[in-house]
Amino acid sequence: MEEIFDECWNSKGIQVFVKRDDLIHPIISGNKWRKLKNYIQTFSLKKHSGILSFGGAYSNHLFALAFVGHSLGIPTVGIVRGEELNVTSNPYLQQMNKWGMTLHFMARSLYRNKEIQSEYENYQCIPEGGYGSQAIDGMDTLFNELPACDAIYCAMGTGATAIGIARATTVPVTGILTLNNQAEIEDHLTDFPAANLKLDDNYIFGKYAKSNADLDLFCKDFGEKHRIPIEPIYTGRMFYAMCDHIKNGHIAPDSKLVAIHTGGIK
Ligand SMILES: Cc1ncc(COP(=O)(O)O)c(C=O)c1O
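Bear in mind the structure is a predicted one, so any value in this text is a computation, not a measurement.

Explain the packing of aromatic side chains to me, please; I cannot follow it from the model alone.
For any two aromatic rings, the description comes down to two numbers: the centre-to-centre distance and the angle of the planes. Taken as a whole and judged by the stated rule, the model has 12 aromatic pairs. Ring geometry for Tyr120 and Tyr123: centres 5.0 Å apart, planes at 70°, overall edge-to-face. For the pair Tyr120 and Tyr123, a shared accessibility class is recorded, and that class is buried. Clustering of aromatic rings is evident, with ring pairs tying together Tyr203, Phe205, Phe218, Phe222, Phe239 and Tyr240. Stacked on the ring of Tyr111, the Lys or Arg Arg81 has its end atom at 5.3 Å from the ring centre.

Is there a simple way to explain the sheet that holds strand 5 (residues 102-106) in this structure?
To summarise the sheet geometry, strands pair through backbone hydrogen bonds and adopt either a parallel or an antiparallel arrangement. Pairing in this open sheet of 4 strands is parallel, and the strands run 5-4-3-6 from one edge to the other. The open sheet has two edge strands with one neighbour each: strand 5 and strand 6 (124-126). The mean angle between the axes of side-by-side strands here comes to 20°, regardless of whether they run parallel or antiparallel. Sheet topology note: the strand 3 (residues 51-55)/strand 4 (residues 76-81) ladder contains 5 bridges and is parallel. Bridging from a neighbouring strand, Ile51 pairs with Thr76 of strand 4. Running at roughly 170° to strand 6, helix 2 (residues 31-46) makes contact with strand 3 and strand 6 of the sheet.

I'm lost on a negative patch on the surface in this one. Help?
On the surface, a cluster of negative charge is made up of Glu184, Glu186, Asp187 and Asp191. Mapped onto the elements of the fold, Asp191 is located in helix 8 (residues 182-191).

Sorry if this is basic, but what is going on with the UniProt feature "domain: Tryptophan synthase beta chain-like PALP" (unreviewed entry) in the chain here?
Sites flagged by UniProt as "domain: Tryptophan synthase beta chain-like PALP" (unreviewed entry) map to residues 13-263. Between the first and last C-alpha atoms of residues 13-263 the distance is 27 Å; the span itself is 36% helix and 18% strand.

So, how was this worked out
Residues numbered from 1 in each chain as written. Predicted model: local features only at pLDDT ≥ 70, side-chain atom pairs only at ≥ 80, totals over all residues. Heavy atoms only, no water. Phe/Tyr/Trp six-rings, centres within 6.5 Å; stacked < 30°, edge-to-face > 60°. Buried < 20%, exposed > 50% of the residue type's maximum accessible area, 1.4 Å probe, protein only. Lys NZ or Arg CZ within 6 Å of the ring centre and 35° of its normal. Pairing = 2+ DSSP bridges. Helix = DSSP H or I, 4+ residues; strand = E, 2+ residues; numbered from the N terminus. Axes fitted to C-alpha atoms, helices over the stretch in contact; angles between N-to-C directions. Contact = heavy atoms within 4.5 Å. Patch = residues over 30% accessible without salt bridge, like charges linked within 9 Å, V, L, I, M, F, W, Y side chains within 5 Å. Areas by Shrake-Rupley, 256 points an atom, 1.4 Å probe, with all protein chains shown as cover. Salt bridge = Lys/Arg side-chain N within 4 Å of Asp/Glu carboxyl O. Lys, Arg positive; Asp, Glu negative; His and termini not counted. Charge placed at Lys NZ, Arg CZ, Asp CG, Glu CD. UniProt positions renumbered as here; feature names shortened; annotations may be inferred.

The following block contains the structure:
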């Protein structure tokens, strides 16, 4: 836990702590380890031949899975969105390939197609972005590592991390959406209810990973000021939202906030 200081919140008596899950590991950083650990345990128990999962060309989840496979000697398969790509399209794909992950590049329309999975019948399949009950349950111990607080902030992709944290506590959790998938997250919440999780879709900046000069500047300034690296896709959007909430008076004076640093490779 690291407390960060800023006139903007300290003048209101608000304290902000950052849970540095980004420091868990250089590659399986942030929520990746927590999301993967139960899947890995199940894998060992059920004796599958390998693990297969899905993601985009810059998927932090697939990158972490490729490293886990490499470290533990588990064959891994990554189904990547985008048939125009190949193993040299970006340094992350290159590295995943070097770690031994078998990569398949699929047209967006065929991406969720089950056909390719049938080639890997005996593989354990982890849904896109690591989403699933095992990922949600993987957050169970995180709350015990946090100090008493009034609210928790967390970036949302699939929602597994924020839902898992919210289900482990009664503290209000603010989930900052990073893509236009509120309906999907609401569906997840019918399967895994978390009444204390509040969704905020005001910080998507158009669409997933879309760059924005204001946001980029915020990330740069935040990194310099607090000596905590953040990226614009997930943690940048989350911290931007939290600061905005404080500035706009949405946070009661003298509150204690915890922001979860979920890592990131970009
Ligand atoms: C750095 C980072 N933060 C947050 C998230 C969102 O996690 P979740 O998909 O569990 O909502 C991701 C997703 O991969 C991520 O890479």
